[in-house]
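This is what each chain is made of:
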Amino acid sequence: EPEVTQTPSHQVTQMGQEVILRCVPISNHLYFYWYRQILGQKVEFLVSFYNNEISEKSEIFDDQFSVERPDGSNFTLKIRSTKLEDSAMYFCASSERVAGGRNEQFFGPGTRLTVL
Amino acid sequence: AQKVTQAQTEISVVEKEDVTLDCVYETRDTTYYLFWYKQPPSGELVFLIRRNSFDEQNEISGRYSWNFQKSTSSFNFTITASQVVDSAVYFCALSGASTGTASKLTFGTGTRLQVTL
């Protein structure tokens, strides 16, 4: 069964460093998302991406964040200068192209980012 | 703005008991979709069900059932004869219906279910 994959599973970095989180969405999906979950808290939307551009972004997704689809399979989230408060689990999700919002979003296993 | 409220932070039951997880939502959209996801201790998010706003039929899938009531803006989830493997955090989520664009999910704060022997 096709699934969303994410690498690495755990990333430890120093404050101020740049990190790139990678995702491979399900191959026939056209909508891509990043969410984050601070430990013990709810899952929060960061950004959605369709047709090679950002569809929507949340207040959390400030200038330190960027997303890219560098090739036909990868979808990346870059944090330019990490802060302590960026420590969280980051989930990538993808969904098919269907009319309306009835798209099930399938989530990857997550990347746990720890900023020291 | 959309909002999902899961008032139950944590529920603890003994195996074989039935348990209902509550979800109340707010939205101005006339068409919207509701979801339940399971997050086991391993951390991944597992899709359980999607309901659309114009279909209020209850749904049953094995030991799981969902009760959608538009009049009270609720989408509750019942596990019958709970098992230890049901122990997880369960999230209710909501999305609007946007044609041709990605629809973000708004999650509730989750309910941690602990099933013991």
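The structure this text deals with has already been given above.
About the cut-offs
- Residues numbered from 1 in each chain as written.
- Chains lettered and ligands numbered in written order.
- Predicted model: local features only at pLDDT ≥ 70, side-chain atom pairs only at ≥ 80, totals over all residues.
- Heavy atoms only, no water.
- Disulfide = S-S within 2.5 Å.
- Helix = DSSP H or I, 4+ residues; strand = E, 2+ residues; numbered from the N terminus.
- Buried < 20%, exposed > 50% of the residue type's maximum accessible area, 1.4 Å probe, protein only.
- Pairing = 2+ DSSP bridges.
- Axes fitted to C-alpha atoms, helices over the stretch in contact; angles between N-to-C directions.
- Salt bridge = Lys/Arg side-chain N within 4 Å of Asp/Glu carboxyl O.
- Contact = heavy atoms within 4.5 Å.

Focus: the state of the cysteines
Residue and element names in this part refer to chain A.
- Considering all chains together, one arrives at 2 disulfides over all chains under this definition.
- In this model cysteine 23 forms its disulfide with cysteine 92; the gap between the sulfur atoms is 1.9 Å. On the S-S bond that ties cysteine 23 to cysteine 92, the torsion sits near -65°, and the link is left-handed. Here cysteine 92 lies in strand β9 (residues 88-95) and cysteine 23 lies in strand β3 (residues 19-24), a separation of 69 residues in the sequence.
- Among the residues examined, cysteine 92 registers a relative accessible area of 0% and is labelled buried.

Re unusual backbone geometry
- Cis peptide bonds are those with omega within 30 degrees of zero, and the linkage from A:Thr7 to A:Pro8 qualifies with -10°.
- Relative to the assigned elements, A:Pro8 resides in the loop between β1 (5-7) and β2 (10-13).
- Backbone geometry at B:Lys16 places phi at a positive 85°, although glycine is not the residue there.
- Structurally, B:Lys16 can be placed in the loop between β2 (10-14) and β3 (19-21).
- We note that B:Ser73 has phi near 50°; this positive angle belongs to a residue other than glycine.
- Examined against the element boundaries, B:Ser73 turns out to sit in the loop between β8 (64-69) and β9 (74-79).
- Exposure remark for B:Ser73: the relative accessible area of 24% places this residue in the partly exposed category.

Here we look at the pairing of β9(B)
All names here are of chain B.
- Of all 6 residues in β9, 5 are buried; the element is thus mostly enclosed.
- Pairing geometry for β3 and β9, over 3 bridges, is antiparallel. Directly across from valine 19, in β9, lies its bridge partner isoleucine 79.
- Across 6 bridges, the pairing between β8 and β9 is antiparallel. The residue bridging tyrosine 64 from the neighbouring strand is isoleucine 79, located in β9.
- If you look at the hairpin formed by β8 and β9, you'll find 4 residues sitting between the two strands, and serine 73 has a positive phi there, around 50°.

Here's the deal with the pairing of β3(A)
Residue and element names in this part refer to chain A.
- Of the two faces of β3, the one holding Val19, Leu21 and Cys23 is buried and the one holding Ile20, Arg22 and Val24 is not buried anywhere.
- Sheet topology note: the β1/β3 ladder contains 3 bridges and is antiparallel. Counterpart to glutamine 6 in the pairing with β3 is cysteine 23.
- As defined by bridge partners, β3 adjoins strand β8 (residues 75-79) across 5 bridges and the pair is classed as antiparallel. From the neighbouring strand, valine 19 faces β8, where its bridge partner is isoleucine 79.

So, the sheet that holds strand β7 (residues 65-68) of chain A
All names here are of chain A.
- The antiparallel open sheet is built from 4 strands, whose spatial order is β1-β3-β8-β7. On the outer flanks of this sheet lie β1 and β7, each paired with one strand and no other. Adjacent strand axes in the sheet meet at a mean angle of 20° when their direction is disregarded.

Brief notes about the pattern of salt bridges
- Taken as a whole and assessed by the stated rule, the structure comprises 6 salt bridges over all chains.
- Across the pair A:Arg36 and A:Glu44 runs a salt bridge, and its minimum N-O distance is 3.4 Å.
- A:Glu44 sits in the partly exposed class, given a relative accessible area of 23%.
- Measuring nitrogen to oxygen at the nearest pair gives 2.7 Å for the salt bridge that ties B:Glu59 to B:Arg51.
- A network of salt bridges, in which partner residues are shared, links B:Arg51, B:Asp55 and B:Glu59.

Here we look at the environment of B:Leu34
All names here are of chain B.
- Here leucine 34 is to be found in strand β5 (residues 32-39).
- Sequence separation between leucine 34 and cysteine 23 is 11 residues, and the spatial gap between their C-alpha atoms is 9.8 Å.
- Dropping the residues within four chain positions of it, leucine 34 is found in contact with Tyr25, Ile49, Arg50, Arg51, Phe68, Phe75, Ala93 and Leu94.

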